[in-house]
Amino acid sequence: MLSVGLTGGIGSGKSTVASIFASLGAAIINSDNIGRDLMQPGNVVFDRILSGFGKEVLNADGRLNRAKLADIVFNDLDKLKHLNAIVHAPVLREISRLQQLHRKNDPNAICVVESAVLFEANQNRRFDKMVVTWCRPEQQVERFAAQSKFSVEDIRKRMAAQMPGEEKKRLADFVIDTSGSLDETERQVCSVYEQLRAATSTQPKMSY
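This next bit is on the pattern of salt bridges. Applying the stated rule across the entire model yields seven salt bridges. In this structure, arginine 36 and aspartate 32 form a salt bridge, with 3.0 Å as the shortest nitrogen-oxygen distance. Here arginine 36 pairs with aspartate 32, and both are found in helix 2 (residues 31-38), just four residues apart, close to one helical turn. We classify arginine 36 as partly exposed; its relative accessible area is 32%.

The next point concerns the layout of surface pockets. Think of a ball as big as a water molecule: rolled over the atoms, this probe shows where empty space is left. Taken as a whole, the second largest pocket holds about 160 Å³ of empty space. If you go around the second largest pocket, you meet 13 residues; those closest to its centre are Pro137, Gln140, Pro164, Gly165 and Glu166. If you list the elements that add at least two residues to the lining of the second largest pocket, you get strand 4 (129-134), helix 6 (137-146) and helix 8 (165-171). Across the lining of the second largest pocket, the residue classes break down as six nonpolar, six polar and one charged.

Once that is clear, we can look at the packing of helix 1 (residues 14-24) against helix 9 (residues 182-198). Closest axis-to-axis distance for the helix 1/helix 9 pair is 10 Å, and the angle between their directions is 55°. Classified by the angle their axes make, helix 1 and helix 9 are oblique. Crossing of helix 1 over helix 9 shows right-handed handedness. Where helix 1 abuts helix 9, its residues Thr16, Val17, Ile20, Phe21 and Leu24 lie against Leu182, Thr185, Glu186, Val189, Cys190, Val192, Tyr193 and Leu196. Of the residues that constitute the contact of helix 1 with helix 9, the class distribution is ten nonpolar, two polar and one charged.

Quick look at the packing of aromatic side chains now. According to the stated counting rule, one finds two aromatic pairs in the structure shown. With centroids separated by 6.4 Å and ring planes inclined at 50°, the aromatic side chains of phenylalanine 21 and tyrosine 193 adopt a geometry described as tilted. Taken together, the positions of phenylalanine 21 in helix 1 and tyrosine 193 in helix 9 put the pair 172 residues apart, joining distant regions of the chain. Given a relative accessible area of 7%, tyrosine 193 falls into the buried group. The lysine or arginine in question, arginine 158, covers the ring of phenylalanine 150, its NZ or CZ lying 4.1 Å from the ring centre.

What follows is about the nonpolar core. Note that soluble globular proteins tend to have their nonpolar side chains buried in a common cluster. Counting residues in hydrophobic clusters, the biggest one holds 30 residues, and the most contacted among them are Ile49, Phe53, Leu69 and Val87. At the level of secondary structure, the elements contributing two or more residues to this core comprise helix 2, helix 3 (44-53), helix 4 (66-73), helix 5 (77-105), strand 3 (110-114) and strand 4. With six residues, helix 5 is the single largest residue contributor to this core. Excluding residues within four positions of it along the chain, valine 87 makes contact with Met39, Val45 and Ile49. Judged by nonpolar contacts, the second largest core, of 18 residues, contains Val4, Phe21, Val112 and Val131.

Rules and cut-offs
- Residues numbered from 1 in each chain as written.
- Predicted model: local features only at pLDDT ≥ 70, side-chain atom pairs only at ≥ 80, totals over all residues.
- Heavy atoms only, no water.
- Salt bridge = Lys/Arg side-chain N within 4 Å of Asp/Glu carboxyl O.
- Helix = DSSP H or I, 4+ residues; strand = E, 2+ residues; numbered from the N terminus.
- Buried < 20%, exposed > 50% of the residue type's maximum accessible area, 1.4 Å probe, protein only.
- 1 Å grid on protein atoms, 1.4 Å probe; cavity = no way out; pocket = protein on both sides within 12 Å on 5 of 7 lines; lining within 4 Å.
- Points joined across faces, edges and corners; volume = space filled by probe spheres on them.
- Nonpolar A, V, L, I, M, F, W, Y, C, P; charged D, E, K, R; others polar.
- Axes fitted to C-alpha atoms, helices over the stretch in contact; angles between N-to-C directions.
- Parallel < 35°, antiparallel > 145°, perpendicular 65-115°, else oblique.
- Left-handed = near helix turned anticlockwise from the far one by under 90°.
- Contact = heavy atoms within 4.5 Å.
- Phe/Tyr/Trp six-rings, centres within 6.5 Å; stacked < 30°, edge-to-face > 60°.
- Lys NZ or Arg CZ within 6 Å of the ring centre and 35° of its normal.
- Core = buried A, V, L, I, M, F, W, Y, C linked by side-chain atoms within 4.5 Å.

Right, here's the structure in full:
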């Protein structure tokens, strides 16, 4: 199995690219979905967040208010680090479990893990190949604003907490420029997928 990390800044088109990879036959693991599941009541991650941030991060129904939590941590770097310390390890364990399951089901699979912070969390070493989605910063703001309720100021704070896109590009094995049309993005993803498929015979360099 070839393990692939898919990352990029907010609004850079990761989910769109992941969907195209899936249509081509890749197995997709979405770290944000895993994190959301782990933050449900009854989970130890939920309990630790409640202990660390208090009841102010809960909705009236007792569930986590992710928008409120995000507002807190993206205005306080220490609190962001504290949240990451709570969430990252359980998310990584679940990613590893799912990767092993995909490897068992299909030793020749291309397994793509979509996550915004693979470089920031120093997790890129876990993958055989790294794919970065990139578009101009102003496009990131425009796209994320269109799909969320966050203000431009809040979006820029989130972007500032992530590694700059240009630096991620330098660290990538493949860069997919999503600043153009969807057709242009699809062509790039298809090209990268063919190269990944050709590389599936190589020995994975990660260990669990």
